[in-house]
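One letter stands for each residue in the lines below.
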Amino acid sequence: KAGVTQTPRYLIKTRGQQVTLSCSPISGHRSVSWYQQTPGQGLQFLFEYFSETQRNKGNFPGRFSGRQFSNSRSEMNVSTLELGDSALYLCASSLEGWTEEFGPGTRLTVT
Amino acid sequence: DQQVKQNSPSLSVQEGRISILNCDYTNSMFDYFLWYKKYPAEGPTFLISISSIKDKNEDGRFTVFLNKSAKHLSLHIVPSQPGDSAVYFCAASKVGTASKLTFGTGTRLQVTL
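Our subject in this report is the structure included herewith. Keep in mind that this is a model prediction, so the values were computed, not measured.

1. Some words on the overall build of chain A
Along its length, chain A carries 0 helices and 11 strands. For chain A, the sequential pattern of α-helices and β-strands runs β-β-β-β-β-β-β-β-β-β-β. Computed over the C-alpha atoms, the radius of gyration of chain A is 13 Å, within 12% of the 13 Å expected from 2.2 N^0.38 for a compact globule of 111 residues. In terms of principal-axis extent, the alpha carbons of chain A reach across some 35 × 25 × 25 Å. Taking all contacts inside chain A whose residues are at least 6 apart in sequence as the whole, residues at least 24 apart take part in 53%. Side chains of chain A give 11 positive and 8 negative charges; the mean places of these two sets differ by 6 Å.

Here it is as structure tokens:
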């Protein structure tokens, strides 16, 4: 089966800009979760979408937002980028319950 | 506040021996625990999980043990193989929020020949 795909894989942005990352879950999976991985904080939960609705949310500022489309694909957006937003952003997909499979991630560098 | 802790940042084990990776948690609301393996430039790969109603779960070379009273879990890999060299994360979730995982900081396992 095709796994979780994330685009783009690498991205360089400037402080103050905004960025949109995309995630396509495994076919049939309705839940998409987003995580941020940084050397200092490790893997931290951003939010989860299920059937186009945000079901869970982590402790990130409002600059981080997301959405899910009817085909379960999800996007996350970060506005007014800060240097500290440089991280690996991981998307994970599941049928309903606990996270089953992660994508390869998008490496975001903010300069 | 680190609710899931992996106190050993790294571990080196000889091929064929047992690898034991440890994880402690502080939140008694966690009821489901998972272990993931991660290679550089890839997303984490699910290895094995355990529900809080069990104290042991096995899958091939991997066994996870849960000690609820001590809020401690461990992953045993027997026998260890060079391909097991990776960063291992433990994660936990609470009732009703299965997809919201709280991760530990990871342990880098190196299996030497």
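Once the structure has been displayed, the description carries forward.
2. Thoughts on the pattern of salt bridges
Residues and elements named next belong to chain A. Taken as a whole and assessed by the stated rule, the structure comprises 7 salt bridges over all chains. One salt bridge in this structure joins Asp85 and Arg63, with 2.8 Å as the shortest N-O distance. Of this pair, Asp85 sits in the loop between β8 (74-78) and β9 (87-94) while Arg63 sits in the loop between β6 (53-57) and β7 (64-68), and the two are 22 residues apart along the sequence. Per residue, the accessibility class of Asp85 equals that of Arg63, and both read buried.

3. Some remarks on the side chain of Gln68 of chain A
Residue and element names in this part refer to chain A. Take Gln68: it is sitting in strand β7. The class for Gln68 is buried, based on a relative accessible area of 6%. A polar atom in the side chain of Gln68 sits 3.1 Å from the backbone oxygen of Arg30. Polar contacts involving the side chain of Gln68 include one to the main-chain amide nitrogen of Ser51, which spans 3.2 Å.

4. Here we look at the state of the cysteines
All names here are of chain B. In the structure shown here, the tally under the stated rule is 2 disulfides over all chains. There is a disulfide in this structure between Cys23 and Cys90, and the S-S distance comes to 1.9 Å. Negative torsions about the S-S bond denote left-handed disulfides, and the value of about 60° found for Cys23 with Cys90 makes this one right-handed. Taken together, the residues span a long stretch of sequence, with Cys23 in strand β3 (residues 19-25) and Cys90 in strand β9 (residues 86-94) at a distance of 67 residues. Across the pair, exposure class does not vary: Cys23 and Cys90 are buried alike.

5. So, the environment of Gln36 of chain A
All names here are of chain A. Checked against the element boundaries, Gln36 lands in strand β4 (residues 31-38). Measuring from C-alpha to C-alpha, the distance between Gln36 and Gln6 comes to 14 Å, with 30 residues separating the pair along the chain. Setting aside its immediate chain neighbours within four residues, Gln36 contacts Gly42, Leu43, Gln44, Leu46, Phe60, Phe64, Gly84, Asp85, Ala87, Leu88 and Tyr89. A polar atom in the side chain of Gln36 sits 3.0 Å from the side chain of Tyr89.

6. Let's talk about the interface of chain A and chain B
Between chain A and chain B, the contact holds 20 residues from the first and 16 residues from the second. For the chain A and chain B pair, buried surface summed over both sides reaches about 1,500 Å², with 61% attributable to carbon and sulfur atoms. Three residues stand out in chain A for area buried against chain B, namely Leu43, Trp98 and Phe102 of chain A, and they jointly supply 40% of the buried area on that side. Where chain A meets chain B, there are 0 salt bridges. Remark: the boundary between chain A and chain B carries 2 residue pairs in polar contact (both at pLDDT 80 or more). Listing elements by their share of the side of chain A that touches chain B, those giving two or more residues are β4, β5 (42-50), β6 and β9 of chain A. With 4 residues, the top contributor of residues to the side of chain A that touches chain B is β4 of chain A. Looking at the side of chain A that touches chain B residue by residue, the classes come out as 8 nonpolar, 7 polar and 5 charged.

Reading the values: the criteria
Residues numbered from 1 in each chain as written. Chains lettered and ligands numbered in written order. Predicted model: local features only at pLDDT ≥ 70, side-chain atom pairs only at ≥ 80, totals over all residues. Heavy atoms only, no water. Helix = DSSP H or I, 4+ residues; strand = E, 2+ residues; numbered from the N terminus. Rg over C-alpha atoms; globule rule 2.2 N^0.38 Å. Contact = heavy atoms within 4.5 Å. Lys, Arg positive; Asp, Glu negative; His and termini not counted. Charge placed at Lys NZ, Arg CZ, Asp CG, Glu CD. Salt bridge = Lys/Arg side-chain N within 4 Å of Asp/Glu carboxyl O. Buried < 20%, exposed > 50% of the residue type's maximum accessible area, 1.4 Å probe, protein only. Polar contact = N/O pair within 3.5 Å; in protein donor to acceptor, adjacent residues only side chain to side chain. Disulfide = S-S within 2.5 Å. Buried area = accessible area lost by both parts, 1.4 Å probe. Nonpolar A, V, L, I, M, F, W, Y, C, P; charged D, E, K, R; others polar.

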